[in-house]
Amino acid sequence: MIDRNILRASLLLSCFFLHCGGAKLVLREWTELPAEHYTIPPHAQYLAAYKIALDPGHGGLSHLPGYKRGPSGKQEAVMNLNVALELRHFLERAGATVVLTRPDDRYVSLAERAAIAERAGCDFLISLHHNAADDPRVNYVSVYYHLYPDYSPASMDLARNIYFGLVEALRLPQVANDGLLSDKMIYPDGFGLLRRIRLPAVLLESSFFSNPAEEKRLMDRRYNRREAYGIFLGLARWAAGGVPSARRLQPAKIARDPQPEVVYQLADGITERGGRGAGQLLLFSNSVSLRVDGRPVPAHVDLTKGRLWFRPDSAWRNGVHVVQIELQNLFKNHNLPVRDTLIIAAPAAAIAFAAPMLQLPADGVAVLPITLTLRDGRGEAVWDGTPVSVRAERGQLLDSLRLHEGSGTIYYQAANEPGPVQLIAAADGHQDTLRLELVPAGQLVFFSGLVRDDSTAAALAGVAISLNDAVWATTDANGGFFLTGVPAGSYRFAATKAGYSPAVEMMAVDSLRSVFVRPSLRPVLRGVLHQQTIIVDAALGGKARGDRFTGGVTAAAANFAAMAALADSLRWTGANAILVRTNDTTDLALDARIALVNQVPQGWYLKWEYRRWDSDSLLVQTTIYPGNQQGEQLALAINQAFAALPNTRVVLRRNTDVPEVLLTNKTAVAVQVRCRAPQVHDREVPALFRGIVNFHAARRRQAALPEEL
């Protein structure tokens, strides 16, 4: 029988070990922030290999009342910058190089933010923002990527790690079911910055400043540091996972073989720094993919040797080819995107000459255009970068040869002595000859020339060449033209091109001597609108006619007349003016208008609308998206032009109630004109045109200022 005292002691000992043998688990509220404790973890050392662009959102617009402000008026731009500055400290302590797109409260356009990161050679960009909602209770972390996950896998890797770093650091009361979000949910073509930049990039909306408690926290630098640390730890985890890469071993930058064997050395980002790979790279073999010029290409992969190689099934065309390789390592990190360019330049095997004729007058003036076409042994056009030398035994060559798709044009000016002359062209050790015959002056007469831009000396293609108002020729890509058979006599010569003032002069053509001219065309308005794309949208149209004005004209008809006239004026200056609706009879829904505008790769957008107003005065109202600095400058220039008109009042609205302004992927301005009756050609279009010209002239002046100013 067990002694009762021994039994009692055993029970007490059991209770001790059961209840007192370990610390009691205590669960705290999720939103209870832990004590501040910041350190640089060992795995953050791998950030030292990267140059990181930090983009504090917004800035420079504190003068706008209510713009990106919390319930008590605190500015999001300040919150964004404070977090960026704190994050920079952590990253630099880990050895990373940091580039800020704005170091203080200044305005920087989205295009310039992208350019800053790209010019600096950054590896990726993190855009720092905070969110807002109508419901003040909303408060959670979200990270935006561009369009679709497959658009930039490396961006998704960054987004995933940063998201969980922020969630764990801020402990917000709500956690989104889908914390990684496509920017396509907000704008049809995504965020302007993510759309423009050519680097991996994500946009953070770390919390909601529209939440009163969160707004207060976001103005505390210690809370900003906590947020920055969460982002930092996310980036450190990403870097610790290693970033795979591929490096071409062969061929060299330029390959002579049009069907080369292409070999790449692969790396997983882990084993090369001491990771153990059990005899092969730590890559998912089925993740390795290859694309050439955007098309999938099968390749051989050997992870034990770390090699990828392929040979095209057929010969490639001469020129530049873009090779893209995608890899994913065991930490699910993808390689940073690298567009590897490989040039195929099979040697020239034939040089063909083409000329309007093979005889020239030996008058020392006549100029003959001669086109050279270079082919390789397959009969394919050579690479445009192929060095070609051309020389003439007598006479002279007026321009150097520039190839496009294997062809280019030179201009030979005849010598003064009759007889044969040879032009010799050589490339890649191959040589061919063109034989010309110089005949006594008077047997032939040429009328030719080269047209240039007066301000840049660049060749002008597409210039109409007229004699006595009849078009005889159009200049080629080199600005050249060539005429024969022009009867002797006196002519009014004109060289005309949209965007340029015409070159006009009286000219005599005789039967004994050729004519060679070098006209220079002066850009209209100093070229301030050259190559500017301006999308103009006449409101209404089709069945939607709008207000009816004195005289019976409808707003839809007046809108279209105004925009058609503006487009003509813009084209005269050399701008690329695009009409959203090209007639006044077709119905064009809002979604269709926005889609048409968003398809245009560049430029800015103008919506024009007339409204009836029973007053002798004119009211011009411009609407822009709040915070769009370029849009504001454009609207102000338009308003100033209209304000110069008598009895006119102008208003600038910063609002989001014009769907076209909100949803287009470009700088957008909506102009609404209220009047008793439109005066399209005498009042509205001239004023609008002046405003547009003044805006672009101001931008050109600003671009010419030294950077420090």
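Because the structure is a prediction, the values reported are computed rather than measured.

## Considering the pairing of strand 33 (residues 520-523)
- Because side chains alternate across strand 33, one face comprises the buried residues Leu521 and Pro523, and the other comprises Ser520 and Arg522, none of which is buried.
- Of the pairings in the sheet, the one linking strand 30 (residues 500-501) to strand 33 comprises two bridges and is antiparallel in character. Following the sheet pairing, tyrosine 500 is matched in strand 33 by proline 523.

## What to know about empty space enclosed by the protein
- A complete count under the given rule lists two cavities of 30 Å³ or more for this structure.
- The calculated volume of the largest cavity comes to roughly 60 Å³.
- In terms of lining residues, the largest cavity is bounded by His58, Gly59, Gly60, Leu61, Ser62, Tyr67, Lys68, Gln75, Ala77 and Asp105.
- In this model, the second largest cavity occupies a volume close to 40 Å³.
- As for the second largest cavity, its lining consists of Trp30, Val141, Val167, Arg171, Leu172, Gln174 and Val175.
- Taken together, the residues that form the lining of the second largest cavity break down as five nonpolar, one polar and one charged.

## Things to note about the nonpolar core
- By size, the foremost hydrophobic cluster in this structure holds 46 residues, and its most contacted members are Leu47, Leu91 and Ile126.
- If you tally residues by element for this core, the top one is helix 7 (residues 221-240), at nine residues.
- Those residues in contact with isoleucine 126 that lie beyond four places of it in its chain are Ile52, Ala53, Leu54, Asp55, Ile162, Val202, Leu204 and Leu235.

## As for the packing of aromatic side chains
- Counted according to the given criterion, the structure contains 21 aromatic pairs.
- Each ring, one from tyrosine 50 and one from phenylalanine 124, has its centre 6.4 Å from the other, and the planes form 50°; the classification is tilted. One end of the pair, tyrosine 50, is in the loop between helix 1 (4-20) and strand 1 (51-56); the other, phenylalanine 124, is in strand 3 (residues 124-131), and 74 residues separate them in sequence. Accessibility assignment for this pair places tyrosine 50 and phenylalanine 124 in one class, buried.

## Here we look at a nonpolar patch on the surface
- The grouping of Phe284, Leu330 and Phe331 at the surface amounts to a nonpolar patch, some 280 Å² of accessible area in total.
- Relative to the helices and strands, leucine 330 is located in the loop between strand 14 (319-326) and strand 15 (340-344).

## Here we look at the environment of proline 260
- Considering the arrangement of structural elements, one finds proline 260 in the loop between strand 8 (254-255) and strand 9 (262-267).
- Overall, the relative accessible area of 3% leaves proline 260 in the buried class.
- Taking C-alpha positions, proline 260 is 9.8 Å from serine 314, a pair spaced 54 residues apart along the chain.
- The contacts of proline 260, once residues within four sequence positions are left out, are Pro251, Phe310, Arg311, Pro312 and Ile344.

## Comments concerning the pattern of salt bridges
- A complete count under the given rule lists 31 salt bridges for this structure.
- Between aspartate 135 and arginine 137 there is a salt bridge, with the nearest N and O atoms lying 3.0 Å from each other.
- Aspartate 135 gets classed as partly exposed once you look at its relative accessible area, which sits at 27%.
- Where arginine 611 meets glutamate 609, a salt bridge forms, and the shortest distance between an N and an O atom there is 3.0 Å.
- Owing to a relative accessible area of 30%, arginine 611 belongs among the partly exposed residues under this scheme.
- Connected through shared salt-bridge partners, Glu86, Arg221 and Arg225 make up one network.

Rules used throughout
- For every chain, the first residue of the written sequence is number 1, and numbering continues from 1 along that sequence.
- Two thresholds apply to this predicted model, a pLDDT of at least 70 for residue-level local features and 80 or more for giving and counting side-chain atom pairs, whereas whole-chain, interface and lining totals are computed over all residues.
- Hydrogens and water are ignored here; the side-chain numbers use all heavy atoms of the structure.
- With a 1.4 Å probe rolled over the protein chains alone, any residue whose accessible area is under 20% of its type maximum counts as buried; one over 50% counts as exposed, and the rest are partly exposed.
- For helices the rule is a DSSP run of H or I covering at least 4 residues; for strands it is a run of E covering at least 2, with both sets numbered from the N terminus onward.
- What makes two strands pair is DSSP finding at least two bridges between them.
- Using protein atoms alone on a 1 Å grid, points that fit a 1.4 Å probe yet trap it form a cavity, whereas open point sets bounded by protein on both sides within 12 Å along at least five of seven lines form a pocket; residues with an atom within 4 Å of a point count as lining.
- Grid points are joined across faces, edges and corners, and a volume is the space filled by probe spheres set on the points.
- Polar here means any residue other than Ala, Val, Leu, Ile, Met, Phe, Trp, Tyr, Cys and Pro, which are nonpolar, and Asp, Glu, Lys and Arg, which are charged; Gly is therefore polar.
- Residues belong to one nonpolar core when they are buried, are Ala, Val, Leu, Ile, Met, Phe, Trp, Tyr or Cys, and are joined through side-chain atoms within 4.5 Å.
- Contact definition: two residues touch when any of their heavy atoms are within 4.5 Å.
- Any pair of Phe, Tyr and Trp rings, taking the six-membered ring for Trp, is counted once the centres come within 6.5 Å. Such a pair is stacked with planes under 30 degrees apart, edge-to-face with planes over 60 apart, and tilted for the rest.
- Here the term patch refers to residues with relative accessible area over 30% and no salt bridge, with like charges joined within 9 Å and nonpolar side chains (Val, Leu, Ile, Met, Phe, Trp, Tyr) within 5 Å.
- Per-residue and other accessible areas were derived by the Shrake-Rupley procedure at a 1.4 Å probe size, with only the shown protein chains allowed to occlude residues.
- By definition here, a salt bridge exists when the distance from a side-chain nitrogen of Lys or Arg to a carboxyl oxygen of Asp or Glu is within 4 Å.

Shape descriptors only; they carry no functional weight alone.
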